[in-house]
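Chain residues, written in single-letter form:
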Amino acid sequence: MTLATASILLTVGFAPDAGAQKKYGPGVTDTEIKIGQTAPYSGPLSSLSTFARIEAAYLRKINESGGINGRKVTLISLDDAFSPPKTVEQTRKLVEGDEVLAIVGSIGTPTNLATSKYLNSKGVPQILLLASTPKLDNSDNLPWTTTFMMPQPVETRIYAEYLLKSKPDARIAVIYQNDDLGKGNLGWFKAALGAKASTMIVKEAAYDVTEPTIDSQIVTLKASGADTLFHASNARFAAQSIRKAHELGWKVQHVLLSGVSVIASVIRPAGLEASTGAVTSFWLKSPEDPMWDNDPDIKEYRAFMKQWAPGELIEESAFAYTTAQMIVEVLKRCGDDLTRENLLKQATNIQDLQLPLFLPGLKVNISPTSRVAWRQASMARFDGAKWVLFGDIVAVPADNRASR
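Residues numbered from 1 in each chain as written. Predicted model: local features only at pLDDT ≥ 70, side-chain atom pairs only at ≥ 80, totals over all residues. Heavy atoms only, no water.

**Q** Talk me through the overall build of the protein chain; I want residue IDs and the actual numbers.
**A** Counting its secondary structure elements, the protein chain contains 13 helices and 18 strands. Whereas a compact globule of 404 residues would reach a radius of gyration of roughly 22 Å, the protein chain reaches 21 Å, a difference of no more than 12%. Dimensions of the protein chain, computed from the C-alpha atoms along their principal axes, are close to 70 × 45 × 40 Å. When the 404 residues of the protein chain are sorted by exposure, 57% land in the buried category. When contacts within the protein chain are restricted to residue pairs at least 6 apart in sequence, those whose partners lie at least 24 apart make up 70%. Carbon together with sulfur atoms contributes 51% to the accessible area of the protein chain, which is approximately 15800 Å² in total. (Helix = DSSP H or I, 4+ residues; strand = E, 2+ residues; numbered from the N terminus. Rg over C-alpha atoms; globule rule 2.2 N^0.38 Å. Buried < 20%, exposed > 50% of the residue type's maximum accessible area, 1.4 Å probe, protein only. Contact = heavy atoms within 4.5 Å. Areas by Shrake-Rupley, 256 points an atom, 1.4 Å probe, with all protein chains shown as cover.)

**Q** Please give an account of the side chain of T50 that cites residues and values.
**A** By the element assignment, T50 lies in helix α1 (residues 50-64). By relative accessible area, which is 7% here, T50 ends up buried. Reaching out from T50, the side chain makes a polar contact with the side chain of R53 at a distance of 3.2 Å. Those residues in contact with T50, other than ones at most four positions away along the chain, are E312, E316, S317 and A320. (Polar contact = N/O pair within 3.5 Å; in protein donor to acceptor, adjacent residues only side chain to side chain.)

**Q** Break down the pattern of salt bridges for me, citing the residues and quoting the values.
**A** Evaluated as defined, the whole model comprises 15 salt bridges. Two residues, D383 and K386, come together in a salt bridge whose shortest N-O distance is 2.9 Å. For K386, a relative accessible area of 30% gives the class partly exposed. Three or more residues joined by partner-sharing salt bridges are found here, namely K285, D295 and D297. (Salt bridge = Lys/Arg side-chain N within 4 Å of Asp/Glu carboxyl O.)

**Q** If you had to explain the packing of aromatic side chains to someone new, which residues and values would you point to?
**A** For the structure shown, the criterion picks out 17 aromatic pairs. Note on Y159 and F230: the rings are 6.3 Å apart at their centroids and 55 degrees apart in plane angle, and the pair reads as tilted. Here Y159, found in helix α4 (residues 152-166), pairs with F230, found in strand β11 (residues 228-232); they are 71 residues apart in sequence, far enough to count as distant. Here the two residues Y159 and F230 agree in accessibility, since each one is buried. When the ring of F358 is compared with that of W374, the centres are 5.1 Å apart and the planes differ by 75 degrees; the resulting orientation is edge-to-face. Pair noted here: F358 is in the loop between β15 (350-353) and β16 (364-366) and W374 is in the loop between β16 and β17 (376-382), with a separation of 16 residues, a long-range link. Since its relative accessible area comes to 1%, W374 is described here as buried. Through a chain of ring-to-ring contacts, three or more aromatic side chains come together here, namely F51, F148, W283, F319, F358 and W374. One residue, R381, lies across the ring of F390, its end atom 4.3 Å from the ring centre. (Phe/Tyr/Trp six-rings, centres within 6.5 Å; stacked < 30°, edge-to-face > 60°. Lys NZ or Arg CZ within 6 Å of the ring centre and 35° of its normal.)

**Q** I'd like to hear about the packing of α1 against helix α11 (residues 296-308), residue by residue, with values.
**A** In the contact formed by α1 and α11, the axes pass within 10 Å of each other and the chain directions differ by 90 degrees. By the angle between their directions, the pair α1 and α11 is classed as roughly perpendicular. When α1 is examined against α11, the residues I54, A57, Y58, R60, K61 and E64 are found in contact with a partner set consisting of F304, M305 and W308. Among the residues making up the contact of α1 with α11, the classes are represented as six nonpolar, no polar and three charged. (Axes fitted to C-alpha atoms, helices over the stretch in contact; angles between N-to-C directions. Parallel < 35°, antiparallel > 145°, perpendicular 65-115°, else oblique. Nonpolar A, V, L, I, M, F, W, Y, C, P; charged D, E, K, R; others polar.)

In structure tokens:
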């Protein structure tokens with residue numbers, strides 16, 4: 001693997017079956033499959049590049065153990081600085097310059113939205129995106145696109161139903177990121193609260209990712225008299241919000257998106273005492289939770305991280321590791337038919353797949369017309385030291401699929 005101008009190039013390979021009938025799309029030969037992605041290696045959200053680095057490390061591991069279906073995989077991962085115009089530029093380079101078979105695992109909601117129409121117009125698979133917006137779950141208008149995250153209408157409905165049952169008189173303040181991630185989560189949270197949204201949500205405040213702090217927003221939200229704070233934000237600002245609320249003596253119920261609940265990078269910087277009582281949702285076994293210490297899949301994950309990604313945080317890389325496993329699974333299923341059409345077919349025809357780090361019984365199901373990979377999670381509460389799962393696995397029905 002080489003890292004140059006914030007790009008990752010890696011190879012995975014072994015010999016194909018000479019007797020098989022082969023069909024190839026762009027970027028594929030008898031010895032290679034070339035795929036691409038964008039990630040924010042620089043800029044205000046550069047911490048998200050962990051996903052790309054873990055995927056690179058996992059594919060390097062696959063390389064060392066023999067590769068995928070007789071070919072090396074070349075992953076070209078380019079820096080987009082979490083800037084949609086830059087994402088468009090880098091994606092065009094990957095498609096028209098590097099001639100990749102597909103865009104796989106690109107990171108970010110606004111960035112993936114910026115390239116979706118271009119890639120679909122070219123018939124280039126844009127799959128397993130790390131983006132939560134339901135705008136990308138649109139098999140009619142974006143047939144070449146799939147995501148691999150808990151979508152906004154599913155996750156926010158889990159929190160809304162929790163609050164409606166446990167705290168129906170809650171006075172809710174919302175801090176949200178001023179882009180499709182924040183606005184989308186806020187909109188779907190309101191939709192899930194239904195008629196009670198107008199009375200339960202008492203104040204909203206937005207921030208831009210380039211702001212150094214959001215202290216003033218938290219002061220404003222506290223003044224609203226809210227007793228609950230819904231965070232439609234990223235990890236950095238979730239930590240800031242929790243810490244500032246505690247400093248102000250604002251005893252508020254924090255409701256965190258699953259992606260901003262890592263103890264090492266959010267809860268500990270915010271303060272363990274300040275974070276006590278916060279709630280979130282989980283679909284993965286957490287390497288931070290002692291209950292999984294003897295789980296064989298967590299042990300295998302820890303061994304992988306120690307050998308292949310020693311510089312990364314074990315606590316916050318489990319989902320990136322799982323995404324890498326999903327990339328490998330889809331490529332394996334293609335066999336020797338490595339056309340763009342078959343890659344999309346394999347990515348949209350997955351039934352009851354139990355990935356190693358998913359909570360027991362929580363499985364991936366994707367069809368050509370319903371591309372939300374999973375609709376279940378478990379609620380969890382931070383007890384001052386760890387997240388504690390509570391209640392049953394919550395399932396959101398398929399009729400909640402978004403199209404607004």
